[in-house]
Amino acid sequence: MLPRLVSTAVLLLSLSILAPSAYCSPAAAVDETAFDFGYVPQQAKISHVFTIRSVGDDTLRIMQVIPGCGCTKAPLEKSDLAPGESTTLEVVFSTGAYQGRVAKHPKFVTNEASPNHPLEFLSHVMVRPDSSYPCIVQPS
């Protein structure tokens, strides 16, 4: 009976020592994962800022930002976030010669268990905006 009690005590003690480190993990949260620019002209540069928060209990590392194509840039303000910190990811899209509805899917990769975080932005690129077809660019 005594060996069984000792082994149970050792097991519980080792679990209580190892438990905090076993459950520490980074986690990211993005307030909005999609943004619609609405109607935009050709040959314009438009941008939107996504906020990334570290909501885990370990340091979140943003290891890579994948803009999606050459027409999109996505500079990251800060790549290592302590729990509770946040950073901004500005997505800049050059409309160039695009026409009509355009969807782009940049993403960022972290040190989490499920590391991919896809984002999306939409726009409707107008070839020749004129007074008969209103062009509203938001945010103003």
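Since the model is a prediction, treat every value here as computed from it, not as a measurement.

Enquirer: Is there a simple way to explain the overall build of the protein in this structure?
Expert: Tallying secondary structure elements over the protein gives 1 helix and 11 strands in all. Considering only contacts in the protein between residues 6 or more positions apart, those separated by 24 or more positions represent 63%.

Enquirer: Would you take a moment to explain the sheet that holds strand β2 (residues 34-41) for this structure?
Expert: Here we have 3 strands laid out as an open sheet, ordered β2-β11-β8, and mixed in their pairing. Every interior strand has two partners, whereas the edge strands, β2 and β8 (100-104), have only one. For this sheet, the mean angle separating the axes of adjacent strands, direction not counted, is 15°. Across 6 bridges, the pairing between β2 and strand β11 (residues 120-126) is parallel.

Enquirer: In this structure, what is going on with the pairing of β11? I would like to understand it.
Expert: The two faces of a sheet get side chains in turn, since along a regular strand they alternate between them. Across the 7 residues of β11, 5 count as buried, placing the element largely inside the fold. Strand direction decides the pairing type here: β8 and β11, joined by 5 bridges, are antiparallel. Bridge pairing links Arg101 to His124 in β11.

Enquirer: Explain the nonpolar core here, please?
Expert: Generally speaking, soluble globular proteins have nonpolar side chains that are buried together. Core analysis: the largest hydrophobic core is formed by 21 residues, its most contacted members being Ile52 and Phe108. At the level of elements, β1 (28-30), β2, β3 (45-54), β4 (60-66), β7 (86-94) and β11 are the ones that each hand at least two residues to this core. If sequence neighbours within four positions are ignored, Phe108 has contacts with Ala28, Val30, Ile52, Ile62, Gln64, Val65, Leu89, Pro115, Asn116, His117 and Leu119.

Enquirer: What should I look at first to understand the pattern of salt bridges in this one?
Expert: Any two side chains of opposite charge can pair, so long as their charged atoms come close to each other. Across all of its chains, the model carries 4 salt bridges by this definition. Measuring nitrogen to oxygen at the nearest pair gives 3.2 Å for the salt bridge that ties Asp31 to Arg53. Placement of the pair is Asp31 in the loop between β1 and β2 and Arg53 in strand β3, with a sequence separation of 22 residues. Under the relative-accessibility criterion, Asp31 is labelled exposed at 55%. A relative accessible area of 34% means that Arg53 is categorised as partly exposed.

Enquirer: I would appreciate a short explanation of the side chain of Thr72 in the present structure.
Expert: Mapping Thr72 onto the fold places it in strand β5 (residues 72-73). You can call Thr72 buried: its relative accessible area is 1%. With near-sequence residues (within four places) excluded, Thr72 lies in contact with Pro67, Val91, Val92, Phe93, Lys104 and Phe121.

Enquirer: Honestly, the sheet that holds strand β9 (residues 107-110) in this entry has me stumped. Any pointers?
Expert: Within a sheet, adjacent strands bond to each other through the backbone by hydrogen bonds, running parallel or antiparallel. On the basis of which strands lie adjacent, the open sheet formed by 4 strands has the order β6-β4-β9-β10 and antiparallel pairing. Among the strands making up the open sheet, the edge pair consists of β6 (80-81) and β10 (116-118).

Enquirer: What exactly am I supposed to notice about unusual backbone geometry here?
Expert: As a rule of thumb, non-glycine residues mostly have phi less than zero, and peptide bonds are mostly trans rather than cis. Notably, Gln43 is not glycine yet its phi reads approximately 60°, a positive angle. Looking at the element boundaries, Gln43 is found in the loop between β2 and β3. Assessed through its relative accessible area of 64%, Gln43 is described here as exposed.

Enquirer: What is the right way to read the packing of aromatic side chains from this model?
Expert: Any two aromatic rings considered together are summarised by their centre-to-centre distance and by the angle between their planes. What the rule picks out here adds up to 4 aromatic pairs. With a centroid separation of 5.0 Å and 80° between ring planes, the pair formed by Phe35 and Phe37 is classed as edge-to-face. The pair Phe35 / Phe37 is uniform in exposure class, with both members buried. Following the ring pairs from residue to residue traces out a cluster consisting of Phe35, Phe37, Phe93, Tyr98 and Phe121.

The rules we used
Residues numbered from 1 in each chain as written. Predicted model: local features only at pLDDT ≥ 70, side-chain atom pairs only at ≥ 80, totals over all residues. Heavy atoms only, no water. Helix = DSSP H or I, 4+ residues; strand = E, 2+ residues; numbered from the N terminus. Contact = heavy atoms within 4.5 Å. Pairing = 2+ DSSP bridges. Axes fitted to C-alpha atoms, helices over the stretch in contact; angles between N-to-C directions. Buried < 20%, exposed > 50% of the residue type's maximum accessible area, 1.4 Å probe, protein only. Core = buried A, V, L, I, M, F, W, Y, C linked by side-chain atoms within 4.5 Å. Salt bridge = Lys/Arg side-chain N within 4 Å of Asp/Glu carboxyl O. Phe/Tyr/Trp six-rings, centres within 6.5 Å; stacked < 30°, edge-to-face > 60°.

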